[in-house]
Amino acid sequence: MKDFKYYAPTEVVFGEESEEQVARLVKKYGGTKVLVHYGGQSALRSGLLDKVCSQLCEAGIAYVKLGGVVPNPRLSKAHEGIELCRKEGVDFILAVGGGSVIDSAKCIAYGVPYDGEVWDFYLGKAKAEKMLPLAVVLTIPAAGSEMSESSVITNEDGDVKLGYSNNLSRPKFAIMNPRRTFTLPPYQTAAGVTDMMMHTMERYFTKDDDMDLTTDLAEALLRRMKTAVFEVLKNPEDYRHRAQIMWGGSIAHWGLTGCGVSDDWATHELEHELSGMFDATHGAGLAAIWPSWARYVMHENLSRFVRFAVNVMDVPNDFTDPEGTALKGIEAMERFYHAIGMPINIKELIGKDITDEEIDEMVRKCSRNYTSTCGCLKVLQAEDMKAIYQMAR
Ligand code: NZQ
Ligand code: ZN
């Protein structure tokens, strides 16, 4: 069993009344001048942004606003935020939105006190020693960034999408009101569930499979998300199941489902090249890659794929044919993806055939110019990455 450290400092306030706590929590964590950071239209349309701002106002907390964060958040927006925060003397960032807004907020928070170029953190050239405190009012359960130590930013200069992880960036608090997610379109709902399930699966498909409690928790989470997503696709205003999904997104990524096991992340790394190149929705991109990754690596730990098939996908266990059972589990997952409107290959994701040149470019970027591997269950070299992209095309 792998030794582990567990760190989950984010204060969670969950439920219908949670938004009333914003100003009190900002004060509790020392914010006196706040950057309210948000995306396109959804938080404006729902009235959430106004609600948050009027609460800050009533509590006498000064703020400035910066919107316009797009899915697959861009480095240029973070630069704009860094400049604004310095000019306005901002000491706290409040992200109102989903993974993209939160990740943009994290990037700004790294950049404000740093003398160099913030992209250096994402390139692995520097390590952040301090950052502005930040917090979240979550509107889409998916990325898990509301409690995670990660952020993922796209540098438009070359369409390079890179993540940076640092425990400093775990939000101080996260406000989660499932009612706010009623307005999510079906595609975003399904992509979000796919992403959180994948955050669990990246830690589930491991060679260190002797931490039984972690495995049990992961399977319960995966089964619950599978059920809940159909309920909310049928009835978007189903509070009970929206709540399961909202909490599921956080549990899947703050580290609980990774205690005592090695994590893989190859599907994520292969996907980041897709959303970097084609501006695809991250969760949908994961669904396009995972079946091919799974078929490529399943012999590294066949019994785990059998267990997934039986315990998560309800495939009958054919004890005489473990490989057949494992493959049926992967096929069942493909049927699940289709049933919730997700793609199972790159063509379905981007709506056209991907070219050989585009695959070569993704392999080059994913392998950091052929100098780096990804994955852990099977360590993928550049030729493995290429084979998986070919299978997934
Ligand atoms: O911009 P607005 O108008 O707000 O619309 C957003 C956006 O178009 C919309 N939306 C959000 N809340 C809504 C809503 N629409 C209606 N009602 C609501 N309540 O949803 C769209 C997607 O939002 P986005 O924030 O992009 O989604 P998500 O949370 O899936 O974040 C995706 C990003 O997170 C990264 C991904 O790579 C991607 O860039 N990830 C971050 C991770 C982390 N920091 O730990 C881990 C993940 O693996 C992932 O890589
Ligand atoms: Zn993800």
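Before reading on, note that the structure itself is shown above.
Residues numbered from 1 in each chain as written. Chains lettered and ligands numbered in written order. Predicted model: local features only at pLDDT ≥ 70, side-chain atom pairs only at ≥ 80, totals over all residues. Heavy atoms only, no water.

1. Looking at the sheet that holds strand E5 (residues 134-138)
Short version of the rule: The criterion for strand pairing is that DSSP finds at least two bridges linking the strands in question. What counts as a helix is a DSSP run of H or I of at least four residues, what counts as a strand is a run of E of at least two, and both are numbered from the N terminus. Lines fitted to the C-alpha atoms define the axes, with helices restricted to the stretch that makes contact. Angles between their N-to-C directions range from 0 to 180 degrees. For this analysis, residues touch if any pair of their heavy atoms sits within 4.5 Å.
In space, the 6 strands of this open sheet follow the order E1-E8-E5-E4-E2-E3, with parallel pairing throughout. Each having just a single partner strand, strand E1 (11-14) and strand E3 (62-66) make up the two edges of the open sheet. Adjacent strand axes in the sheet meet at a mean angle of 20°, parallel and antiparallel pairs treated alike. Examined bridge by bridge, E5 and strand E8 (residues 173-176) share 3 bridges and lie parallel to one another. Paired with Leu138 across the two strands is Met176, which belongs to E8. Seen against the sheet, helix H4 (residues 75-88) touches strand E2 (33-38), E3 and strand E4 (92-97) and runs at an angle of roughly 160° to E3. Seen against the sheet, helix H9 (residues 239-251) touches E1, E5 and E8 and runs at an angle of roughly 170° to E1.

2. A look at unusual backbone geometry
Of all residues except glycine, most have a negative phi; of all peptide bonds, most are trans. One non-glycine residue, Asp159, lies in the positive phi region at around 50°. Here Asp159 shows up in the loop between strand E6 (150-155) and strand E7 (160-165). You will see that Trp265, though not glycine, has its phi angle at about 70°, which is positive. In this fold, Trp265 is placed in the loop between H9 and helix H10 (266-278).

3. Observations regarding the environment of Glu17
The following threshold applies: Exposure categories follow from relative accessible area, calculated using a 1.4 Å probe and restricted to protein chains: below 20% of the type maximum is buried, above 50% is exposed, and the middle band is partly exposed.
Relative to the helices and strands, Glu17 is located in the loop between E1 and helix H1 (22-28). Residue classification places Glu17 among the exposed positions, given a relative accessible area of 57%. Residues Glu17 and Met176, 159 residues apart in the sequence, show an inter-C-alpha distance of 9.4 Å.

4. Some details on the site of ligand 1
The cut-off we apply is this: Any residue with a non-hydrogen atom lying within 4 Å of a molecule or strand is treated as near it. For this analysis, a polar contact is any N or O atom pair within 3.5 Å, provided that within protein one partner can donate a hydrogen and the other can accept it, and provided that sequence-adjacent residues contribute only side-chain to side-chain pairs. In this description, accessible areas are obtained by the Shrake-Rupley approach with a 1.4 Å probe, and a residue is regarded as covered only by the protein chains that are shown. Throughout, the ten residues Ala, Val, Leu, Ile, Met, Phe, Trp, Tyr, Cys and Pro are labelled nonpolar, Asp, Glu, Lys and Arg are labelled charged, and all others, Gly among them, are labelled polar. What counts as a domain boundary in this text is fixed by an automatic or database domain assignment.
Taken together, 31 residues surround ligand 1, and among them Ser42, Gly99, Ser100, Thr183 and His199 come closest. One of the side-chain N or O atoms of Ser100 is found 2.5 Å from an oxygen atom in ligand 1. His199 is positioned with one of its side-chain polar atoms (N or O) 2.7 Å from an oxygen atom of ligand 1. Protein burial of ligand 1: of its 970 Å² of free accessible surface, 88% is covered by the chains. Mapped onto the shell around ligand 1, the elements with two or more residues apiece are helix H5 (99-111), E6, helix H7 (186-204) and H10. By residue class, the composition of the shell around ligand 1 is 7 nonpolar, 20 polar and 4 charged. Formed jointly, the shell around ligand 1 draws a minimum of three residues from each of two domains, domain 1 (11-180) and domain 2 (182-392).

5. Topic: the packing of aromatic side chains
Put simply, the rule is: When the centres of two rings from Phe, Tyr and Trp lie within 6.5 Å, Trp using its six-membered ring, the rings pair. Their planes under 30 degrees apart give stacked, over 60 give edge-to-face, and anything left gives tilted. Charges are assigned to positions over rings by a cutoff of 6 Å between ring centre and Lys NZ or Arg CZ, combined with an angular limit of 35 degrees from the ring normal.
Per the counting criterion, the structure on display carries 21 aromatic pairs. The interplanar angle of 50° and the centroid separation of 5.3 Å between the aromatic rings of Trp247 and Trp254 together place this pair among those described as tilted. When the centroid spacing of 6.2 Å and the interplanar angle of 45° are considered together, the rings of Trp293 and Phe305 count as tilted. Highlighted residues: Trp293 in helix H11 (residues 282-297) and Phe305 in helix H12 (residues 302-312), separated in sequence by 12 residues. Judged by its relative accessible area of 2%, Trp293 is buried. Joined through ring pairs, the aromatic side chains of Tyr110, Tyr114, Trp119, Phe121, Tyr122 and Tyr164 make up one cluster. Just above the ring of Tyr204 sits the side chain of Arg304; from NZ or CZ to the centre is 4.6 Å.

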